[in-house]
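Observations on chain architecture
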Amino acid sequence: MQVRHRAILAGLALTLLPGLALQAADVTYRWVNGDGNLQFSDTLPSGAAANGYQVIDPHTGAVVREVAPRKTAEEKAREAAAEEAAERAERQARAQAERDRILLSLYSSEADLKQARDQRLERMDARIAQMEGSIQRMQANIDAGHDDPGYARDLERMKQAVIEVRAEREALAEEFEADLKRLRELRSNG
């Protein structure tokens, strides 16, 4: 029985293969040459492939397939840059959506956000005041004759730390202002 199936398949293959060969050769290519003239042929010159072409059914004139021109390095670079920009925009949109979700879950109103802002800034102000008090005491000790070089280095470090904490406070205040503005936008849109 297997022999019979093989014979049938072999006969079928011989019957179909010539038709397939005819169909494969039964196409026309259409392209524009270097002079801008429209060209037709049953074979495609190698240069035409780089500039793009169409495969035409010679019986109906219908376009069977269209092959776009090869992209230049500049086109590829532009596409890659556009893809990267789109991906970056998508990441930013997702990150903004997550920040919005957190903002809305943390603060039920502007008053809640303002209260949280005021508490955080007051704590930072208290920390700055404490550090400035330490600086004044350290400076008074140095002025009184405390001449340990390590003590003077500690004073300079403390002064630098106050500058850093003030910058943190300023950044925090700006962040809260941006959050307040965004919360207003979200509440007015929702």
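Note: the structure precedes this text.
Residues numbered from 1 in each chain as written. Predicted model: local features only at pLDDT ≥ 70, side-chain atom pairs only at ≥ 80, totals over all residues. Heavy atoms only, no water.

Another aspect to go through is the overall build of the protein chain. Along the protein chain, the regular secondary structure elements total five helices and four strands. By residue count, 18% of the 190 residues in the protein chain fall in the buried class. In the structure as shown, the protein chain presents an accessible area of about 14100 Å², 54% of it carried by carbon and sulfur atoms. (Helix = DSSP H or I, 4+ residues; strand = E, 2+ residues; numbered from the N terminus. Buried < 20%, exposed > 50% of the residue type's maximum accessible area, 1.4 Å probe, protein only. Areas by Shrake-Rupley, 256 points an atom, 1.4 Å probe, with all protein chains shown as cover.)

Right, let's talk about the sheet that holds strand β2 (residues 38-41) for a bit. Taken together, four strands build an open sheet; the order of strands is β2-β1-β3-β4 and the sheet is antiparallel. Single-partner strands in this sheet number two, and they are β2 and β4 (63-67). The average angle at which neighbouring strand axes cross in this sheet is 20 degrees, direction not considered. Of the strand pairs in this sheet, strand β3 (residues 53-56) and β4 are connected by four bridges, and their pairing is antiparallel. Within β4, the residue paired with Ile56 across the bridge is Val63. (Pairing = 2+ DSSP bridges. Axes fitted to C-alpha atoms, helices over the stretch in contact; angles between N-to-C directions.)

A few words on the pattern of salt bridges. Side chains that differ in charge, positive against negative, can pair when their charged atoms come close. In total, this model carries 14 salt bridges according to the counting rule given. Here the salt bridges do not stand alone but share partners, grouping Glu84, Arg88 and Arg91 into one network. (Salt bridge = Lys/Arg side-chain N within 4 Å of Asp/Glu carboxyl O.)

Another point: the packing of aromatic side chains. For the structure shown, the criterion picks out one aromatic pair. When the centroid spacing of 5.8 Å and the interplanar angle of 70 degrees are considered together, the rings of Tyr29 and Tyr53 count as edge-to-face. Pair noted here: Tyr29 is in strand β1 (residues 28-32) and Tyr53 is in strand β3, with a separation of 24 residues, a long-range link. Note on Tyr29: relative accessible area 18%, which makes it buried. In this structure Tyr53 comes out as buried when scored by relative accessible area, which is 13%. (Phe/Tyr/Trp six-rings, centres within 6.5 Å; stacked < 30°, edge-to-face > 60°.)

Right, let's get into the pairing of β1. Each regular strand displays side chains that alternate between the two surfaces of the sheet. In terms of strand pairing, β1 meets β3 through three bridges, oriented antiparallel. Paired with Arg30 across the strands is Gln54, a residue of β3. Strand direction decides the pairing type here: β1 and β2, joined by four bridges, are antiparallel. Within β2, the residue paired with Trp31 across the bridge is Gln39. The antiparallel pairing of β1 with β2 creates a hairpin that spans five residues between the two strands, and Gly36 there sits at a positive phi of about 90 degrees.

We now examine the packing of helix α3 (residues 73-106) against helix α5 (residues 149-189). Relative orientation of the contacting elements α3 and α5 amounts to 90 degrees, with a least axis distance of 10 Å. Taken together, α3 and α5 sit at an angle that is classed as roughly perpendicular. Touching Gln96, Asp100, Leu103 and Leu104 of α3 are Asp179, Arg182, Leu183, Leu186 and Arg187, all from α5. Of the residues contributing to the contact of α3 with α5, the split by class is four nonpolar, one polar and four charged. (Parallel < 35°, antiparallel > 145°, perpendicular 65-115°, else oblique. Contact = heavy atoms within 4.5 Å. Nonpolar A, V, L, I, M, F, W, Y, C, P; charged D, E, K, R; others polar.)

This part is about the nonpolar core. Membership of the largest hydrophobic core comes to 20 residues, with the highest contact counts inside it found for Leu103, Tyr107, Leu113 and Phe176. When residues of this core are traced back to their parent elements, those giving at least two are α4 (110-143) and α5. No other element matches α5, which puts ten residues into this core. Once residues within four sequence positions are removed from consideration, Phe176 is found in contact with Tyr107, Leu113, Ala116, Arg117 and Arg120. (Core = buried A, V, L, I, M, F, W, Y, C linked by side-chain atoms within 4.5 Å.)

What follows is about α4. Because each turn of an α-helix spans 3.6 residues, side chains separated by three or four positions end up pointing in the same direction. Taking 1.5 Å of rise per residue, 34 residues should cover 50 Å, and α4 covers 48 Å from first to last C-alpha, within 8% of that figure. Those residues of α4 that fall on the buried side of the exposure criterion are Leu113, Ala116, Arg117, Leu121, Met124, Ile128, Met131, Gly133, Ser134, Ile135 and Met138. The inward-facing, buried residues of α4 abut α3 and α5. Once α4 ends, the next one or two residues include Gly145, with phi positive near 115 degrees. (Expected span 1.5 Å × (residues − 1).)

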